[in-house]
Amino acid sequence: MMGLGSMIGTLSAMLGVLLNLILGLSRVVLAMARRGDMPGVLGRLNASGTTPYWAVVAMAMVIAGLVAIGNVRTTWSFSAFAVLIYYSLTNLAAWRMAPLERLYPRWIAGLGLIACLGLAFWVERRVWLAGLGLILIGLVWHAIRRAANGGRAAV
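Residues numbered from 1 in each chain as written. Predicted model: local features only at pLDDT ≥ 70, side-chain atom pairs only at ≥ 80, totals over all residues. Heavy atoms only, no water.

Engineer: Would you mind going over the side chain of Asp 37 with me for this structure?
Structural biologist: Within the secondary structure, Asp 37 sits in the loop between helix H1 (4-35) and helix H2 (53-69). Look at Asp 37 and you get buried, because its relative accessible area is 16%. Those residues in contact with Asp 37, other than ones at most four positions away along the chain, are Met 32, Trp 141 and His 142. (Helix = DSSP H or I, 4+ residues; strand = E, 2+ residues; numbered from the N terminus. Buried < 20%, exposed > 50% of the residue type's maximum accessible area, 1.4 Å probe, protein only. Contact = heavy atoms within 4.5 Å.)

Rendered as structure tokens:
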């Protein structure tokens, strides 16, 4: 049985992770909105020009929705899947770099890519299926936007 101190510590750690997730993802949403990959309102800063207010609100609502339809474990698992896919893409980008641009040997990026993809699918099946579904929706959205811009990426 967990003591009161352990429960408070666990709760504090989990709230810290969720807060970090909201703030980190809101900056990704801000950048995506500025590129045209998300609605434009999410690319605006507050009156003082320091905080992407609507992006923060949107991400807080998404995370709260994930917790409401599942639980904190589901939300954490979805976050872990998304981060591992993100790291996989980073390793793929490093793999594709020209030899003179690389800081580390190519095999390290390859190993990182394999490791991240392998770990990404260790979460619950419904989590990675939902994640793959969202990636597919994003790719279709991007293809539609690109076609609408005459084959150019929306910037």
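Still more to cover.
Engineer: So what exactly am I meant to see when it comes to a nonpolar patch on the surface here?
Structural biologist: A grouping of Leu 103, Tyr 104, Trp 107, Ile 108 and Leu 111 is seen on the molecular surface, where their side chains present a nonpolar patch of about 630 Å² in accessible area. Within the element layout of this structure, Leu 103 appears in the loop between helix H3 (72-96) and helix H4 (106-120). (Patch = residues over 30% accessible without salt bridge, like charges linked within 9 Å, V, L, I, M, F, W, Y side chains within 5 Å. Areas by Shrake-Rupley, 256 points an atom, 1.4 Å probe, with all protein chains shown as cover. Salt bridge = Lys/Arg side-chain N within 4 Å of Asp/Glu carboxyl O.)

Engineer: Even after reading the chapter, I still don't get H1, so can you show me in this structure?
Structural biologist: Since the α-helix packs 3.6 residues into each turn, any two residues three or four apart lie on the same face. Given a rise of 1.5 Å per residue, 32 residues ought to cover 46 Å, and the 47 Å separating the end C-alpha atoms of H1 matches this to within 8%. Residues Leu 18, Leu 21, Ile 22, Ser 26, Val 29, Leu 30 and Ala 33 constitute the buried set of H1. Where the residues of H1 are buried, they touch H2 and H3. Gly 36 sits one or two positions beyond H1 and adopts a positive phi of about 95°. (Expected span 1.5 Å × (residues − 1).)

Engineer: Explain the side chain of Asn 91 to me, please; I cannot follow it from the model alone.
Structural biologist: Examined against the element boundaries, Asn 91 turns out to sit in helix H3. When residues no more than four places from it in sequence are discounted, the contact partners of Asn 91 are Ile 108, Ala 109, Gly 112, Leu 113 and Cys 116.

Engineer: When you look at H2 in this model, what are you seeing that I'm missing?
Structural biologist: When the terminal C-alpha atoms of H2 are compared, their 24 Å separation across 17 residues agrees well with the 24 Å that a helix rising 1.5 Å per residue should span. Looking at the buried side of H2, the elements it contacts are H1 and H3.

Engineer: Would you take a moment to explain the nonpolar core for this structure?
Structural biologist: Note that soluble globular proteins tend to have their nonpolar side chains buried in a common cluster. With ten residues, the main nonpolar core is built from Leu 18, Leu 21, Ile 22, Val 29, Ala 33, Leu 42, Ala 55, Val 56, Met 59 and Ile 63. Looking at this core, the elements with two or more residues in it are H1 and H2. The element best represented in this core is H1, accounting for five residues. With sequence-adjacent residues up to four places away left out, Val 29 is seen in contact with Met 38, Leu 42, Ala 55 and Met 59. Core analysis: the second largest hydrophobic core is formed by nine residues, Ile 85, Cys 116, Ala 120 and Val 127 among them. (Core = buried A, V, L, I, M, F, W, Y, C linked by side-chain atoms within 4.5 Å.)

Engineer: I keep staring at the packing of H2 against H3 and nothing clicks. Help me out?
Structural biologist: Packed helices, taken two at a time, are described by the angle their axes make and the gap between the axes. Contact geometry of H2 with H3 gives a least axis separation of 7 Å together with a crossing angle of 125°. Here H2 is positioned oblique relative to H3, judged by the angle of their axes. With respect to the hand of their crossing, H2 and H3 are arranged in right-handed fashion. Contacts from Ile 63, Leu 66 and Val 67 of H2 reach H3 at Val 72, Thr 75 and Phe 78. Taken together, the residues of the contact of H2 with H3 sort by class into five nonpolar, one polar and no charged. (Axes fitted to C-alpha atoms, helices over the stretch in contact; angles between N-to-C directions. Parallel < 35°, antiparallel > 145°, perpendicular 65-115°, else oblique. Left-handed = near helix turned anticlockwise from the far one by under 90°. Nonpolar A, V, L, I, M, F, W, Y, C, P; charged D, E, K, R; others polar.)

Engineer: Honestly, the environment of Arg 145 in this entry has me stumped. Any pointers?
Structural biologist: Relative to the helices and strands, Arg 145 is located in helix H5 (residues 125-148). According to the relative accessible area criterion, Arg 145 is partly exposed, its value standing at 28%. It is 30 Å that separates the C-alpha atoms of Arg 145 and Ile 69, two residues lying 76 residues apart in sequence. In this structure the side chain of Arg 145 is engaged in a polar contact, spanning 3.1 Å, whose partner is the backbone oxygen of Gly 36. (Polar contact = N/O pair within 3.5 Å; in protein donor to acceptor, adjacent residues only side chain to side chain.)

Engineer: What is the right way to read the packing of H1 against H2 from this model?
Structural biologist: Closest axis-to-axis distance for the H1/H2 pair is 8 Å, and the angle between their directions is 125°. Taken together, the axes of H1 and H2 are oblique relative to one another. Both H1 and H2 take part in a crossing whose hand is right-handed. Seen from H1, the contacting residues are Leu 18, Leu 21, Ile 22, Leu 23, Leu 25, Ser 26, Arg 27, Val 29 and Leu 30; seen from H2, they are Ala 55, Val 56, Met 59, Ala 60 and Ile 63. Broken down by class, the residue content of the contact of H1 with H2 amounts to twelve nonpolar, one polar and one charged.

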